[in-house]
Amino acid sequence: MLVPVGSSKNAISHLQYAVDFAEAFGAKLFVVQVYNVFTKAGTMINVDKKN
């Protein structure tokens, strides 16, 4: 089971739901952090640094 986790206010509750769901079915859980990257020509943005 793949669970995308972003920065929304509901991210923690969505992750908890996925954990409970995976546990109930004996599934493996893979968590992926999702974020948007906006770039401008000629600039470098550190995508690992979050606000």
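This text goes with the structure placed above it.
What you see is a predicted model, and the numbers here were worked out from it, not measured in a lab.

## Digging into the overall build of the protein chain
Then comes step 1: Of the regular secondary structure elements, the protein chain holds 1 helix and 2 strands.
Then comes step 2: When the helices and strands of the protein chain are read in sequence order from the N terminus, they spell out β-α-β.
Then comes step 3: For the protein chain, the proportion of its 51 residues judged to be buried stands at 10%.

## A look at the pairing of strand S1 (residues 2-5)
Then comes step 1: Burial of S1 is one-sided: the residues Val3 and Val5 facing one way are buried, the residues Leu2 and Pro4 facing the other way are not.
Then comes step 2: In this structure, S1 lies alongside strand S2 (residues 30-33), joined through 4 bridges in parallel fashion. Bridge pairing in S2 links proline 4 to valine 32.
Then comes step 3: Remark: the S1/helix H1 (residues 11-25)/S2 crossover connection has right-handed handedness.

Definitions and limits used
- Residues numbered from 1 in each chain as written.
- Predicted model: local features only at pLDDT ≥ 70, side-chain atom pairs only at ≥ 80, totals over all residues.
- Heavy atoms only, no water.
- Helix = DSSP H or I, 4+ residues; strand = E, 2+ residues; numbered from the N terminus.
- Buried < 20%, exposed > 50% of the residue type's maximum accessible area, 1.4 Å probe, protein only.
- Pairing = 2+ DSSP bridges.
- Right-handed = clockwise from strand over helix to strand, strands pointing away.

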